[in-house]
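# Fold and contact review
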Amino acid sequence: MPGIDKLPIEETLEDSPQTRSLLSVFEEDTATISSYYNQLFQAMHRIYDAQNELSAATHLTSKLLKEYEKQRFPLGGDDEVMSSTLQQFAKVIDELSSCHAVLSTQLADAMMFPITQFKERDLKEILTLKEVFQISSDDHDVAVNRYSRLSKKKENEKVKSEVMEDVYTSRKKQHQTMMHYFSALNTLQYKKKIALLEPLLGYMQAQNITSMFVRREMDSEVDSMQQTIQDLEQASDLLYMPDPDPSKIPINRNLTRKAGYLNTRNKTGLVSSTWDRQYFFTQGGNLMSQSRGDVAGGLVMDIDNCSVMAVDCEDRRFCFQISAFDGKKVSILQADSRKDCEEWIATINNISKRIYLSENPEETAARVNQSALEAVTPSPSFQQRHESFRPSTQGRPRAGRTSSQSSAGSESPALSSLSLDSLVAPDTPIQFDIISPVSEDYSTQAKSASQGRRTNPFGESGQSQSGENSILHQLFIVRFLGSMEVKATENTDVIYETMRQILAARAIHNIFRMTESHLLVTCECLNVVLCASHQENKRLFGFVLQTAGGRVDGRPVTVCYIFESNNDGEKICDSVGLAKQIALHSEMVKVLFFFPLQSLIIVLNLGKYW
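Residues numbered from 1 in each chain as written. Predicted model: local features only at pLDDT ≥ 70, side-chain atom pairs only at ≥ 80, totals over all residues. Heavy atoms only, no water.

## Quick word on the pattern of salt bridges
Operational definition: By definition here, a salt bridge exists when the distance from a side-chain nitrogen of Lys or Arg to a carboxyl oxygen of Asp or Glu is within 4 Å. Each helix is a run of H or I in the DSSP string that is no shorter than four residues. Each strand is a run of E no shorter than two, and both are numbered from the N terminus. Relative accessible area decides the class of each residue, using a 1.4 Å probe on protein chains only: under 20% of the type maximum gives buried, over 50% gives exposed, and in between gives partly exposed.
Enumeration according to the criterion identifies 20 salt bridges in this entry. Between D336 and R171 there is a salt bridge whose closest N-O contact spans 3.9 Å. Separated by 165 residues along the polypeptide, D336 in the loop between β7 (330-334) and α5 (338-352) and R171 in helix α3 (residues 157-204) bring together distant segments of the chain. Summarising the burial analysis for this pair, D336 and R171 share the class buried. Through salt bridges with shared partners, a single network forms among D15, R20, D141 and R292.

## Focus: the sheet that holds strand β3 (residues 286-290)
Inclusion rule: By this definition, two strands are paired if DSSP reports at least two bridges between them. Note on method: axes are straight lines fitted to C-alpha atoms, helices fitted across the in-contact stretch only, with angles between N-to-C directions ranging 0 to 180 degrees. Pairs of residues are marked as contacts when any of their non-hydrogen atoms sit within 4.5 Å.
Taken in spatial order, the 7 strands make up an open sheet running β4-β3-β2-β1-β7-β6-β5, and their pairing is antiparallel. This sheet does not close on itself; its edge strands, each paired only once, are β4 (298-302) and β5 (307-313). The sheet shows a mean angle of 40° between the axes of neighbouring strands, taken without regard to direction. Pairing of β3 with β4 involves 4 bridges; the strand directions are antiparallel. Looking at β4, one finds that N286 is bridged to D302. The sheet strands contacting helix α1 (residues 17-66) are β1 (259-267), β2 (273-283) and β3, and the helix crosses β2 at an angle near 85°.

## Quick word on the nonpolar core
What counts, and what does not: Throughout, nonpolar core names a set of buried Ala, Val, Leu, Ile, Met, Phe, Trp, Tyr and Cys residues whose side chains join them through atoms within 4.5 Å.
The biggest cluster of nonpolar side chains holds 29 residues, and the ones touching the most others in it are I9, L23, Y37, F118, Y181 and L185. Within the residue set of this core, elements represented by two or more residues are α1, α2 (80-148), α3 and α4 (209-235). Per element, the largest residue contribution to this core is 9 residues, and it comes from α2. With sequence-adjacent residues up to four places away left out, Y181 is seen in contact with L23, E27, I126, L129, K130 and F133. By size, the runner-up hydrophobic cluster in this structure holds 26 residues, among which are M301, V308, I322 and F512.

## A few points about the packing of aromatic side chains
Rules: Put simply, two rings from Phe, Tyr or Trp (the six-membered ring, in Trp's case) pair if the centres are within 6.5 Å, and we call them stacked under 30 degrees between planes, edge-to-face over 60, tilted for the rest. Charges are assigned to positions over rings by a cutoff of 6 Å between ring centre and Lys NZ or Arg CZ, combined with an angular limit of 35 degrees from the ring normal.
For the structure on display, the rule yields 11 aromatic pairs. For the ring pair Y279 and F281, a centre distance of 6.2 Å and an interplane angle of 40° mean the geometry is tilted. As far as burial versus exposure is concerned, Y279 and F281 are alike and both buried. Connected via pairs of aromatic rings, a cluster forms that spans F480, F541, F543, Y561 and F563. The cationic tip of K119 hangs over the ring face of F41; the distance from NZ or CZ to the ring centre is 5.2 Å.

## Considering unusual backbone geometry
One non-glycine residue, F318, lies in the positive phi region at around 60°. Note that F318 resides in strand β6 (residues 316-323). Overall, the relative accessible area of 13% leaves F318 in the buried class. Residue R354 is not a glycine yet carries a positive backbone phi of 65°. Tracing the backbone shows R354 in the loop between α5 and α6 (361-374). With relative accessibility at 42%, the residue R354 sits in the partly exposed group.

## Concerning the state of the cysteines
Keep this limit in mind: Disulfides are defined as cysteine sulfur pairs within 2.5 Å.
Under the definition given, this model contains 0 disulfides. No disulfide involves C319; its sulfur sits 5.3 Å from the nearest other cysteine sulfur, which is in C313.

## A few points about the environment of N263
Put simply, the rule is: Pairs of N or O atoms are called polar contacts if they sit within 3.5 Å, as long as, within protein, a hydrogen donor faces a hydrogen acceptor (for residues adjacent in sequence, only side-chain-to-side-chain pairs).
For N263, the position within the fold is in strand β1. According to the relative accessible area criterion, N263 is buried, its value standing at 5%. Along the chain, N263 and T274 lie 11 residues apart, while their C-alpha atoms are 9.6 Å from each other. Setting aside residues no more than four positions away along its own chain, N263 makes contact with S148, W275, D276, R277, R316, I332, L333 and Q334. Separated by 2.9 Å, the side chains of N263 and S148 make a polar contact.

## Section: the environment of G577
Along the chain, G577 turns up in helix α10 (residues 569-586). It is 8.5 Å that separates the C-alpha atoms of G577 and C531, two residues lying 46 residues apart in sequence.

## Brief notes about the packing of α2 against α3
Rules: Convention used here: angles under 35 degrees read as roughly parallel, angles over 145 as roughly antiparallel, angles from 65 to 115 as roughly perpendicular, and any remaining angle as oblique. Put simply, a crossing is left-handed when the front helix is turned counterclockwise from the back one by less than a right angle, and right-handed when it is turned clockwise.
At their nearest, the axes of α2 and α3 sit 7 Å apart, and the two run at 160° to each other. By the angle between their axes, α2 is roughly antiparallel relative to α3. In terms of crossing hand, the pair formed by α2 and α3 is left-handed.

## Concerning the confidence of the model for the chain
Going by this rule: For every residue, the predictor assigns a confidence score, pLDDT, that lies between 0 and 100.
Summarising the model, the chain shows a mean pLDDT of 76, and 75% of its residues fall at 70 or more. Low pLDDT (under 50) marks residues 375-418, which in the prediction has 81 contacts with non-local residues, meaning those over four places away or in another chain.

## As for a nonpolar patch on the surface
Keep this limit in mind: Two joining distances apply to patches: 9 Å for like charges and 5 Å for nonpolar side chains (Val, Leu, Ile, Met, Phe, Trp, Tyr), and every residue must have over 30% relative accessible area and no salt bridge. Per-residue and other accessible areas follow the Shrake-Rupley method at a 1.4 Å probe size, with only the shown protein chains counted as cover for residues.
Where nonpolar side chains cluster on the molecular surface, the patch consists of I47, Y203 and M204 and spans about 300 Å² of accessible area. You can call Y203 partly exposed: its relative accessible area is 40%.

## A short note on the pairing of β5
Across the 7 residues that make up β5, a large majority, 5, are buried. Here β5 runs beside β6; their pairing, made up of 6 bridges, is antiparallel. Note that in β6 the partner of V311 across the bridge is C319. As consecutive antiparallel partners, β5 and β6 are separated by 2 residues, and within that stretch E314 has a phi angle of approximately 50°, a positive value.

## Describing the side chain of T30
Residue placement: T30 occurs in helix α1. Looking at T30, the relative accessible area reads 8%, which means it is buried. Setting aside anything within four residues of it in sequence, one finds T30 in contact with I126, L185 and L188.

## Re a negative patch on the surface
Put simply, the rule is: Charge counting treats Lys and Arg as positive and Asp and Glu as negative, with His and both chain ends excluded. To locate a charge, take NZ of a lysine, CZ of an arginine, CG of an aspartate or CD of a glutamate.
Where like charges cluster on the molecular surface, the negative patch consists of D138, D139, E165 and D166. Note on placement: D138 falls in helix α2. Residue D138 is classed as partly exposed on the basis of its relative accessible area, which comes to 38%.

## Re helix α9 (residues 493-508)
As a reminder of what qualifies: Take the number of residues in a helix, subtract one, and multiply by 1.5 Å to get its expected span.
Spanning 16 residues, α9 covers 22 Å between terminal C-alpha atoms, matching the ideal 22 Å at 1.5 Å per step. Most of α9 sits inside the fold, with 13 of its 16 residues counted as buried.

What follows is the structure, encoded as structure tokens:
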């Protein structure tokens, strides 16, 4: 029937604020229906009472007319004409009295019974379901809140099992109660029409065609909703557990939109904080949040070009951190399960890469992720391995351009014959974290910092100052992806191969954590052999560093470091190339990495090996 709005039973398990907001509209409508039909019931009851009174009055009138001839009036004699006339009137009124009696019975059955049943059965059922739903919703909130506070470091299997069972039971109860509550509210939209049409049709003694049509449509809708509830109960059983088994419910890493409840950390002081549960959802390149009762969501942050990684926070499980592209805003969120946490991280990563702007976002994300997985499969030649990964020849910079990529301006004919072993040593381990001085003795670090000296995690010590008086002084925000030892240093293909292996390893092992740093390019020290950016993914760049000490098989140890930048990686390489040109006069170039939390400056030497 046109105009009948419905509550989405399929969205009851998600229980979003939008669904709650729509539910409040239906509950307000139900309250209005209840008030209106109570008044209508009283009016119809007055009609019924009046009809009963009319039937009794006409019956009494007929009876009195029939008894006229039995009366002995002192001044009147027998008047046969008058008596005969009154007998005829009594007969007609008696027939009218019989009609009124039948009409009273019809009003009781056709008018009063439907509206009384609607008032006493249907409306009371809605009120009862509302109370049960509110109780189950409160129980679920308490269970989830208790589950969120489970300690990650001091796990008690018995307590954990009890809490998870409590979440499972309360979530299942809330879901089932909510589905039946929604079904009853949807059915009420039909019943309120029937409860109005049937009494009026019964009163007017009209044919009941319209009411039968509405009832037939309502019965069909009720059957459909009951079948939907059964299907959802069977399909949702695994989803009631707070941390479902990934083997039964696989993680979807191709999402470009996601919504659900998360706990957000709010700092209330220098060391204190609170956790609030809110409904989060992505909208284009924005992360939004909405509390229950709010009409619309509010902006949390712009997640284009942002960084996201899993973090440890206050002994809570399944936490992850989102940092804005400029590093000025950071949000720490907690998911309900490992699956949910990894899906949020994957979704935000996909949005950060602006995959959502493509024509088919999920297909594009699936293709990107599949390419990362297939990248681990060895190919017969290096050329085939990099066919989809290496920047095209048309995109190469001009030979005369002042850039660190100028050495890769043309491709050698013998490049296709290069084997993988000639670039990267077999079974080379990948380092996903820069080893910083934080792991060393703190007092030594503090002393070194007070003297303006920094320890270099690449095996060299920075003996110079911070380069504040340098001619070139450019700062970039970067995230460290990984590093590994390499063999070849003749061309930039070794950087592309390292990128491929590190990205593939991160995808396979579900590693999302990245170290965010500030990259400062100045004209002072360190041995950087190569530096190149990837032109298909503009934000990826890397450099090959030759360590100052240590040799393997008579050759210096060279390590390739891969980073992701908020800016175009080619700009960073151009900056390094410019630093090289300036350093030709002083024979040294310096690249400093500042770690904001530890005020660590990592010095890279871009000297004679360029």
